Amino acid sequence: MTGIIGKKIGMTQLFDEDGNVVAVTVIEAGPCPVTLVRTVESDGYEAVQLAFEDCRDKHLTKAELGHLTKAGLKHGKRHLAEIRGAGDLKVGDMVTVEAFEDGQQVSVVGVSKGKGFQGTVKRHNFARGPETHGSHNVRQPGSIGASAYPSRVFKGMRMSGHMGSERVTQLGLKIVRRDPENNLLLVKGSVPGAKNSVVIVKGR
């Protein structure tokens, strides 16, 4: 099990060994102290809880502060996340970008950008209606059900509504380069979320 919590900084580009331009996402990952280790005997599954990003104690509840203090941390942490899988980490250990390797396959979990309330063309990729001959049905969704039967709209019908701002896992990414001095991971390709959003990098 290899995982770490980080913050998406933005995108840039690098040149690989063959001179090709590679688009990469820069992630400021860790260092993340281990605050809890779950085992099959006590919790029914194996996982490691990591903490990320210092914050002032007044922004946390007493329960959260007590949990972090029990783990041996002197400062409050803004984010906690569990990463499932077996490992040899213990409470108090520090996870850094050195836990990963160049060229390693990873998956990145983040919250996608929020788009607000959107129509069916943007949200579900619906086709548009005719634009000529007096049509007023250019970007309308069309029929959503019959009248006499079933006389209602079925659940799950693709319609207008809130779009984005949901948990997304991007698979098949690769670490191009690490920068342990600055706690940076350079991942090939795009990563879900806006700049400065929190992401979780999991090794495969």
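Figured I'd write up the structure that's included with this text. Remember, it's a predicted structure, so these values are computed and weren't measured experimentally. (Residues numbered from 1 in each chain as written. Predicted model: local features only at pLDDT ≥ 70, side-chain atom pairs only at ≥ 80, totals over all residues. Heavy atoms only, no water.)

Strands sit in the order 5-4-3-6 across an open sheet of 4 strands; the sheet is antiparallel. Of all strands in the sheet, those bounded by a partner on one side alone are strand 5 (76-84) and strand 6 (94-95). For strand 4 (residues 47-55) and strand 5, the ladder comprises 8 bridges, and the chain directions are antiparallel. Pairing of Phe-52 across the sheet is with His-79, part of strand 5. Contacts from helix 2 (residues 62-70) reach strand 3 (32-38), strand 4 and strand 5, with the element oriented near 70° to strand 5. (Pairing = 2+ DSSP bridges. Helix = DSSP H or I, 4+ residues; strand = E, 2+ residues; numbered from the N terminus. Contact = heavy atoms within 4.5 Å. Axes fitted to C-alpha atoms, helices over the stretch in contact; angles between N-to-C directions.)

On the surface, a nonpolar cluster with roughly 320 Å² of combined accessible area is contributed by Val-153, Phe-154, Met-157 and Met-159. When you line up the elements, Met-159 lands in the loop between helix 3 (120-124) and strand 9 (161-164). (Patch = residues over 30% accessible without salt bridge, like charges linked within 9 Å, V, L, I, M, F, W, Y side chains within 5 Å. Areas by Shrake-Rupley, 256 points an atom, 1.4 Å probe, with all protein chains shown as cover. Salt bridge = Lys/Arg side-chain N within 4 Å of Asp/Glu carboxyl O.)

With that out of the way, let us pick up the pairing of strand 2 (residues 21-29). In this structure, strand 1 (residues 3-15) lies alongside strand 2, joined through 9 bridges in antiparallel fashion. For Phe-15, the partnering residue across the bridge sits in strand 2 and is Val-21. If you look at the hairpin formed by strand 1 and strand 2, you'll find 5 residues sitting between the two strands, and Gly-19 has a positive phi there, around 85°. Here 5 bridges tie strand 2 to strand 11 (residues 184-188), and the two strands are oriented antiparallel to one another. Among the inter-strand pairings, Thr-25 is bridged to a residue of strand 11, identified as Val-187.

Our next topic: the environment of Glu-17. Structurally, Glu-17 is set in the loop between strand 1 and strand 2. The exposure class assigned to Glu-17 is exposed, which follows from its relative accessible area of 84%. For the pair Glu-17 and Lys-113, spaced 96 residues apart in sequence, the C-alpha to C-alpha distance is 33 Å. (Buried < 20%, exposed > 50% of the residue type's maximum accessible area, 1.4 Å probe, protein only.)

Take the environment of Gly-129 next. By the secondary structure assignment, Gly-129 is in the loop between helix 3 and strand 9. Residues Gly-129 and Gln-140, spaced 11 residues apart in sequence, show a C-alpha to C-alpha distance of 7.4 Å. Contacts of Gly-129, omitting those with residues within four sequence positions, involve Asn-137 and Val-138.

All right, on to the layout of surface pockets then. Empty space left among the atoms is revealed by rolling a probe the size of a water molecule over them. Reported here for the largest pocket is a volume of approximately 220 Å³. Lining the largest pocket are Phe-15, Asp-16, Glu-17, Asp-18, Val-22, Asp-102, Gly-103, Lys-174, Ile-175, Val-176, Arg-177 and Lys-188. With 4 residues, the top contributor of residues to the lining of the largest pocket is strand 10 (residues 167-179). Class assignment for the residues of the lining of the largest pocket results in 4 nonpolar, 1 polar and 7 charged. (1 Å grid on protein atoms, 1.4 Å probe; cavity = no way out; pocket = protein on both sides within 12 Å on 5 of 7 lines; lining within 4 Å. Points joined across faces, edges and corners; volume = space filled by probe spheres on them. Nonpolar A, V, L, I, M, F, W, Y, C, P; charged D, E, K, R; others polar.)

In this structure, Ile-4, Ile-27, Leu-50, Phe-100, Val-106, Leu-185 and Val-201 are the most contacted members of the largest nonpolar core, which totals 25 residues. Excluding residues within four positions of it along the chain, Leu-50 makes contact with Gly-3, Ile-4, Ile-5, Cys-32, Pro-33, Val-34, Thr-35, His-79, Leu-80, Ala-81, Ile-83 and Val-95. (Core = buried A, V, L, I, M, F, W, Y, C linked by side-chain atoms within 4.5 Å.)

That is the geometry; function is a separate question.
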